[in-house]
Amino acid sequence: MKLRFLVLLCVLLAAGWTGACAAERTTVLIYMCGSDLESDIGSATADLNEIIRADLPADGDVRVLVATGGAESWWTEEISPDSLGIYEVNEEGLTRLEEFPLANMGQSDTLRDFLRYGLAQAPAERCLLVLWGHGMGAPGGVCLDARYEHDALMPEELRQALREALPGGKRLDAVVFDACLMSDMETAEALYGYADYMVASQESTVGSGMEYDEWLGALSQDPGLDTESLCQTIVQTYIDSNDHGILSNYCTMSVLDVDAVPEVRQAVEKLSARLDARLARDPDEVLDCRASILSYGEYDDTGATDLVDALLVAEAFAPLEPQACAQLREAVRSMVLYNETTEPMEGTSGGLSLTLPYATSDWFYPFYERYEPLSDTSAYARLVVHLAEAVEERDGITIFSFDWSLDSDEPAYIWDGLTEIGDAGSSAVPGDVSPDSSDIKDSLPTDPADASDPGTAPNDAAPDPSDIWDGLAGESPENTDDSEQQAGNSERSSFDLWSLWDSLTAESADVSDPGAAPGDAAPDPSDMWYGLTGEA
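Residues numbered from 1 in each chain as written. Predicted model: local features only at pLDDT ≥ 70, side-chain atom pairs only at ≥ 80, totals over all residues. Heavy atoms only, no water.

Trainee: What is the right way to read unusual backbone geometry from this model?
Mentor: Across residues other than glycine, the phi torsion is negative in most instances, and most of the peptide bonds are trans. One non-glycine residue, Asp55, lies in positive phi territory at about 60°. Structurally, Asp55 can be placed in the loop between helix H3 (43–53) and strand S2 (62–69). With phi around 65°, Asp306 is a residue other than glycine that occupies positive phi space. Note on placement: Asp306 falls in the loop between helix H11 (283–291) and strand S11 (307–309). (Helix = DSSP H or I, 4+ residues; strand = E, 2+ residues; numbered from the N terminus.)

Structure, rendered in structure tokens:
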């Protein structure tokens with residue numbers, strides 16, 4: 001009996017099994033787009049110092065790699081604002097691993113190449129990606145690069161980077177947004193199939209960001225900590241640090257189950273179709289319900305965003321559409337695994353946001369036009385556009401007054417082929433879109449990096465770190481002439497994002513030569529999947 005036990009133990013150890021409390025190697029990849037958060041107040045440098053204080057041993061089970069860029073200047077002398085650097089951070093400080101020509105951190109190629117590099121340089125059983133910088137929710141994106149006219153990673157660009165960087169079937173364990181306003185449905189959709197968990201805030205985040213010394217310290221002390229518990233630690237340490245008036249009382253953060261995206265999208269589409277039909281018949285009843293919901297940014301008077309809590313949406317519109325609102329409420333509660341707020345925000349945040357215009361933020365209006373190309377296939381997109389138009393008509397507020405040029409073949413968000421499925425019952429309304437969640441799941445590629453996907457690396461081989469920074473290996477922006485800049489950014493909007501950020505930047509960054517990462521290309525709509533029905 002004793003001999004059999006020893007043989008079994010040897011077999012299990014040889015197979016890599018060491019029990020529930022075994023140490024698990026973890027790599028944390030931080031995509032740090034410094035912006036004015038670093039150049040003006042040194043927030044990125046403060047977080048780097050927090051990572052150093054976490055006492056991560058140089059040869060330990062937790063490795064932290066950081067890509068730096070996107071700022072006019074850095075408070076850390078070792079970091080140059082004129083190049084894109086990759087550093088390993090541990091108890092010994094910052095160690096530069098690579099330095100590349102400056103690249104736009106608001107483009108998918110730059111994120112893709114950092115992911116490829118990090119996964120090859122620091123392979124581990126578990127990998128977390130942290131997106132650090134300014135955030136504007138799905139309508140405005142994340143990681144706004146101050147060196148490239150505040151260009152941001154939009155949801156479809158984030159998804160493209162994940163698809164092209166992750167070898168066949170691999171998923172990130174979590175994507176963490178150390179940025180404002182990113183806990184919304186459309187951002188979660190961008191991660192569907194490529195990440196297990198999402199950590200983000202519905203509200204603006206404080207400039208000091210997350211408490212890296214605390215949650216990385218906890219992970220260093222217990223490398224076997226399961227991912228969901230680690231995500232909860234990220235949330236709890238952030239809320240605890242801001243719940244006593246030290247920095248800000250208006251804080252939220254949540255952990256989302258990314259696999260629950262299809263059910264939430266189905267519920268949102270159903271409610272949107274019904275509200276859109278009501279809006280056509282009686283705009284006032286819909287607008288009055290919308291007026292009862294505060295947008296994020298209104299709670300602390302920093303400037304409303306028209307991003308609203310999904311559970312509050314369900315509550316506000318329940319008198320009009322009780323069944324659809326109940327479905328939305330159930331779906332959101334299944335998706336939000338953990339949600340915390342500071343005391344003044346209690347009762348305001350259920351963990352997930354939606355975009356619903358209500359004339360509360362002038363700088364947000366240009367983004368509504370991004371939804372217009374999708375209005376034929378998505379009831380949610382139609383509702384966004386029609387709400388904005390209804391507010392303009394009723395209150396005389398000009399919403400669609402900006403030059404936001406979109407190529408008709410390259411919509412800003414890609415929701416492939418929503419199937420129009422009206423309710424069979426008598427309560428169905430014209431144009432009701434209510435796809436079955438099982439159909440939504442079945443339509444998604446079971447292997448996100450299938451060989452048929454043009455973004456898949458040949459043979460799904462692990463890339464060599466020295467060979468993979470192909471998107472950044474060309475000329476630096478300083479050597480790029482105007483024609484190349486225009487070609488590299490040919491799909492970009494003509495709207496000047498500078499005007500959106502006057503309230504955030506102390507002075508304009510030098511964007512006389514924004515440039516573009518060599519090989520930059522706009523995402524192919526046929527490859528974009530947002531958890532909806534359609535053909536690959």
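Read on, since the account is not over.
Trainee: Sorry, what's going on with the sheet that holds strand S4 (residues 93–101) here?
Mentor: Whether parallel or antiparallel, the strands of a sheet pair through hydrogen bonds between backbone atoms. The nine strands are arranged S4-S3-S2-S1-S5-S8-S9-S10-S12 in an open sheet whose pairing can be described as mixed. What marks the edges here is a single partner per strand, and that holds for S4 and strand S12 (336–341). Averaged over all adjacent pairs, the angle separating strand axes in this sheet is 15°, with direction ignored. Where strand S8 (residues 172–178) and strand S9 (residues 195–200) come together, four bridges link them in parallel fashion. Bridging from a neighbouring strand, Val175 pairs with Met198 of S9. Contacts between helix H9 (residues 227–241) and the sheet are confined to strand S5 (126–132), S8, S9, strand S10 (252–257) and S12, with S10 contributing the most and set at about 170° to the helix. (Pairing = 2+ DSSP bridges. Axes fitted to C-alpha atoms, helices over the stretch in contact; angles between N-to-C directions. Contact = heavy atoms within 4.5 Å.)

Trainee: Even after reading the chapter, I still don't get helix H8 (residues 212–221), so can you show me in this structure?
Mentor: Spacing of three or four residues puts side chains on the same side of an α-helix, whose turn is 3.6 residues. Three or more residues of H8 are buried, namely Tyr212, Trp215, Leu216, Gly217, Leu219 and Ser220. Check the buried side of H8 and you find it contacts strand S1 (26–33), H3, S2, S5, S8 and H9. (Buried < 20%, exposed > 50% of the residue type's maximum accessible area, 1.4 Å probe, protein only.)

Trainee: Could you clarify how one ought to interpret the confidence of the model for the protein chain in this entry?
Mentor: Note: predicted coordinates in regions of low pLDDT should not be interpreted at a detailed level. Of the residues in the protein chain, 66% have a pLDDT of 70 or more, and the chain-wide mean is 75. Taken together, the stretch residues 1–23 has pLDDT below 50 and engages in six contacts with residues farther than four places along the chain or on a different chain. (pLDDT = per-residue confidence, 0-100.)

Trainee: Is there a simple way to think about the pairing of S8 in this case?
Mentor: When a strand is regular, its side chains alternate between the sheet's two faces. Here S8 lies mainly inside the structure; seven of its seven residues are buried. Pairing geometry for S5 and S8, over five bridges, is parallel. From the neighbouring strand, Leu131 faces S8, where its bridge partner is Phe177. The handedness of the S8 to S9 crossover, carried by helix H7 (residues 185–191), is right-handed. (Right-handed = clockwise from strand over helix to strand, strands pointing away.)

Trainee: Before we go on, may I ask you to explain the environment of Asp288 in this structure?
Mentor: Secondary-structure assignment places Asp288 in helix H11. Distance from Asp288 to Ala316, taken between C-alpha atoms, is 9.4 Å for residues 28 residues apart in sequence.

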